[in-house]
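These are the residues of each chain, in order.
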Amino acid sequence: MSGNLAAAAQAILEHPLFGFGITLGAYQLALALFERTRWVFLQPVLLSMTLVIGVLLLCGIDYAEYRASVSMLSVFLGPATVALAVPLFLNLKRIRQLLWPILLTLVLAGSLATALGIGFAWLFGADHVMQMTLLPKSVTSPIAMLVAEQLGGIAALAAVFVLITGVIGAIFGPALLSRIGVHSPAARGMALGLTAHAVGTAQALQEGEETGAFSALAMSLMGGATAILLPLVVALAA
Amino acid sequence: MLLRGISWLVLFQLLGTGLNVLLLPMLPGPIIGMLLLFAFLLLRGEVAAPISEAAGSLLRYLPLLLVPPAVGVMAYAEAIAADFWALAGTLVLSLLLSLLFAGWLMQKLIDRQQRRKERQA
């Protein structure tokens, strides 16, 4: 009997739906907990990630195996990025009104985010490869991975830094922005999208459509500018 | 409706992937796809109901879609542990400072534009 139970458990753990199932379960649990408590450290992406990692470690499943079983979720990340064009278009009038503030903020705050990343990494004694991996941390992960690789960093680790950055931004960003008196949805969206990319944008969409639209705009502008300019700047500086 | 909208989004993403390989290796396919859809919406002048429905549904689940890449942290636990304080300090400090600066600057610029408009009126 116990042999049969072990075989059944084995079959469940090895089923291609197992990773997908625990991801869905963890996400719903995280969302319910977050909605009940509204406690910032229970940020849904962070909490789901922790729960999923816990289950995987308990069951002895490695990341490669997990990633294969959630490919049907990952594949929708592309179309979801494309879908950000819709809030962007719906808020076009407001974006046009604020064209100069947007461009100025992009150039100044975008450069600051990148410069601070490498500055602190150097200050805290991270090595060159880590510094190059940390440089593109404020942009959405596909761009960050490309850019990190071009600069001699580690692409997969860059994606991890991108996510951590996004989660920290989504946790602390909204409350801190309110604290220093940033109340306009456009400014809150710009700040979240520019520095915390997709996770920040997901958070911004919760605040409202205009915040989400500006966040999506800032994320894509920052991504494009980083992809084109950062390798150039590093090549000139080296 | 939902299926038709998702088909459009997938079509734009695939076009973006094609252009990424052909012309723009520095921009990822989904970002090019987003720009293409944006241009398409500008030409049409409105968001058709199927696209609006599909975009709304996908964006509602954006946090869920971000969970699998986030779990990737576990694959790099050792590299992260080796440099933990340097990495944590860098990520937290640079993010918070630049986020607050971006929000503050944008708010100031918006307020200034508002005041200028009021003065003109």
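Structure shown above.
Residues numbered from 1 in each chain as written. Chains lettered and ligands numbered in written order. Predicted model: local features only at pLDDT ≥ 70, side-chain atom pairs only at ≥ 80, totals over all residues. Heavy atoms only, no water.

1. Let's talk about the packing of aromatic side chains
Residue and element names in this part refer to chain B. Here the structure, examined in full by the defined rule, presents seven aromatic pairs over all chains. Ring centres 5.4 Å apart and planes at 55° place the aromatic pair Phe 12 and Phe 40 in the tilted group. Of this pair, Phe 12 sits in helix H1 (residues 2-22) while Phe 40 is found in helix H2 (residues 29-44), placing the two residues 28 residues apart along the sequence. The buried category is assigned to Phe 12, whose relative accessible area is 6%. Ring-pair connections join several aromatic residues into one group, and the members of that group are Trp 8, Phe 12 and Phe 40. (Phe/Tyr/Trp six-rings, centres within 6.5 Å; stacked < 30°, edge-to-face > 60°. Helix = DSSP H or I, 4+ residues; strand = E, 2+ residues; numbered from the N terminus. Buried < 20%, exposed > 50% of the residue type's maximum accessible area, 1.4 Å probe, protein only.)

2. Concerning the interface of chain B and chain A
How large an interface is tends to be reported as the accessible area lost when its parts come together. Between chain B and chain A, the residue contacts involve 67 residues of the former and 89 residues of the latter. Across the interface of chain B and chain A, roughly 7200 Å² is buried in total on both sides, 87% from carbon and sulfur atoms. At the boundary of chain B with chain A, the tally comes to zero salt bridges. Put simply, the parts of the chain that give the side of chain B that touches chain A at least two residues each are H1, H2, helix H3 (49-60), helix H4 (62-65), helix H5 (67-71), helix H6 (77-82) and helix H7 (84-120) of chain B. Considering each element in turn, the side of chain B that touches chain A owes the most residues, 24 residues, to H7(B). (Contact = heavy atoms within 4.5 Å. Buried area = accessible area lost by both parts, 1.4 Å probe. Salt bridge = Lys/Arg side-chain N within 4 Å of Asp/Glu carboxyl O.)

3. Comments concerning the nonpolar core
The nonpolar side chains of a soluble globular protein tend to be buried, and buried together. Core analysis: the largest hydrophobic core is formed by 105 residues, its most contacted members being A:Phe214, B:Leu37, B:Val71 and B:Met106. Every residue in contact with A:Phe214, bar those within four places of it in the chain, is listed here: A:Arg94, A:Ile95, A:Leu98, A:Ile102, A:Ala186, A:Gly189, A:Met190 and B:Met106. (Core = buried A, V, L, I, M, F, W, Y, C linked by side-chain atoms within 4.5 Å.)

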